[in-house]
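# Structural features, examined
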Amino acid sequence: MLVTVGDDKYQEDKLILPDSTFFDVFTFPLLSGNAKTALSEPFSVVLTESKAKKYFGSTNVIGKTIQIGGREYTLKVTGVIKDVPENSQMPFDMLFSLSTYKALGVDLDNSWGNFGAMTYLLLEKGADAAKLEKKLPAFMERHIGAQMKKNNMHYTLHLEHLKMYTCTQRE
């Protein structure tokens, strides 16, 4: 994605589009901003410490803006997080709020297959993951069965257990 800050342009490729609950599930430490609200509004973006310094020369950037899509859309910086460890399963430099797509009129509920998406679930303590996984084929049939049949495709979902660690920088 092309990111414009003032007169400077940057080609960026390490971005993800999480929903507003991202910081409820993952423990990426915020240096500034509010984890509960940072991704709740459309056209908001959370930057890593390195990107904030690259774009603005500082990490004190809450409320500043970047533009994407050849200056087509303006995003407000609502948070800055520590840089993501290089060995992370989700290497990213920017988090664009998923609600931005909804504000642009993208029908996310009926656009399955148009996004390379990974979905993370945080199960309640004691939840039976195997029981939940057995329900996934019926879920897929209910939500995109007609689309799969029309396109002669079959999608499957499965659960993969991830160990949760608190992300911290080692000095």
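This structure is a prediction, so every number in the text was calculated from the model and none was measured.

## Remarks on the nonpolar core
Membership of the largest hydrophobic core comes to 15 residues, with the highest contact counts inside it found for Val-3, Val-45, Leu-47, Tyr-55, Ile-66 and Met-94. Looking at this core, the elements that each hand over two or more residues are β1 (2–5), β5 (44–48), α2 (49–56), β6 (65–68), β7 (73–81) and β8 (94–96). Here Val-3 is in contact with Asp-8, Lys-9, Tyr-10, Glu-12, Tyr-55, Ile-66, Gln-67, Ile-68 and Met-94, once residues within four sequence places are set aside. With 13 residues, the next largest nonpolar core counts Phe-23, Leu-39, Val-46 and Phe-92 among its residues.

## Focus on the pattern of salt bridges
Working definition: two side chains of opposite charge can pair if their charged atoms are close together. Scanning the entire structure with this criterion turns up 5 salt bridges. When the shortest N-O distance is used, the salt bridge between Glu-12 and Lys-54 registers 3.3 Å. Here Glu-12 is found in the loop between β2 (8–11) and β3 (15–16), whereas its partner Lys-54 is found in helix α2, with 42 residues between them in sequence. Note that Asp-93 and Lys-51 form a salt bridge whose closest N and O atoms lie 3.9 Å from each other. Residue Asp-93 is located in the loop between β7 and β8, and its partner Lys-51 is located in helix α2; the two are separated by 42 residues in the primary sequence. We classify Asp-93 as buried; its relative accessible area is 15%. On the accessibility criterion, Lys-51 (9% relative accessible area) is buried. One network of salt bridges, with partners in common, ties together Glu-12, Lys-51, Lys-54 and Asp-93.

## Some words on helix α5 (residues 136–150)
Here α5 contains 15 residues, and its C-alpha end-to-end distance of 20 Å stays within 8% of the 21 Å for a straight helix at 1.5 Å per residue. Taken as a whole, α5 carries its principal kink of about 80 degrees at Ile-144. What α5 keeps buried is the set Leu-136, Met-140, Ile-144, Gly-145 and Met-148. Looking at the packing, one finds that the buried side of α5 touches α4 (129–134). Where α5 ends, the next residue or the one after it, Asn-152, has phi of about 50 degrees, a positive value.

## A short note on α2
Every buried residue of α2 is accounted for by Lys-51, Ala-52 and Tyr-55. Summarising the axial view, the buried residues of α2 lie within an arc of 100 degrees, below the 170-degree limit, and thus occupy one face. Buried residues along α2 sit against β1, β2, β5, β6, β7 and β8.

## Section: the pairing of β5
In terms of residue burial, β5 counts as a mostly covered element, since 5 of its 5 residues are buried. Burial along β5 is two-sided: Ser-44, Val-46 and Thr-48 facing one way and Val-45 and Leu-47 facing the other are all buried. Pairing geometry for β5 and β8, over 3 bridges, is antiparallel. Residue pairing for β8: Val-46 is matched across the bridge by Leu-95.

## Let's talk about the environment of Ser-44
Looking at the secondary structure, you find Ser-44 in strand β5. Ser-44 sits 30 residues away from Thr-74 along the chain, and the two C-alpha atoms are 8.7 Å apart. When residues no more than four places from it in sequence are discounted, the contact partners of Ser-44 are Ala-38, Leu-39, Leu-75, Lys-76, Thr-78, Leu-95, Phe-96, Ser-97 and Thr-100. Of note is the side chain of Ser-44, whose polar atom sits 2.7 Å from the backbone oxygen of Glu-41.

Scoring rules and cut-offs
Residues numbered from 1 in each chain as written. Predicted model: local features only at pLDDT ≥ 70, side-chain atom pairs only at ≥ 80, totals over all residues. Heavy atoms only, no water. Core = buried A, V, L, I, M, F, W, Y, C linked by side-chain atoms within 4.5 Å. Buried < 20%, exposed > 50% of the residue type's maximum accessible area, 1.4 Å probe, protein only. Helix = DSSP H or I, 4+ residues; strand = E, 2+ residues; numbered from the N terminus. Contact = heavy atoms within 4.5 Å. Salt bridge = Lys/Arg side-chain N within 4 Å of Asp/Glu carboxyl O. Expected span 1.5 Å × (residues − 1). Bend = angle between axes of the 7 residues up to and from the residue. Arc of directions from axis to C-beta. Pairing = 2+ DSSP bridges. Polar contact = N/O pair within 3.5 Å; in protein donor to acceptor, adjacent residues only side chain to side chain.

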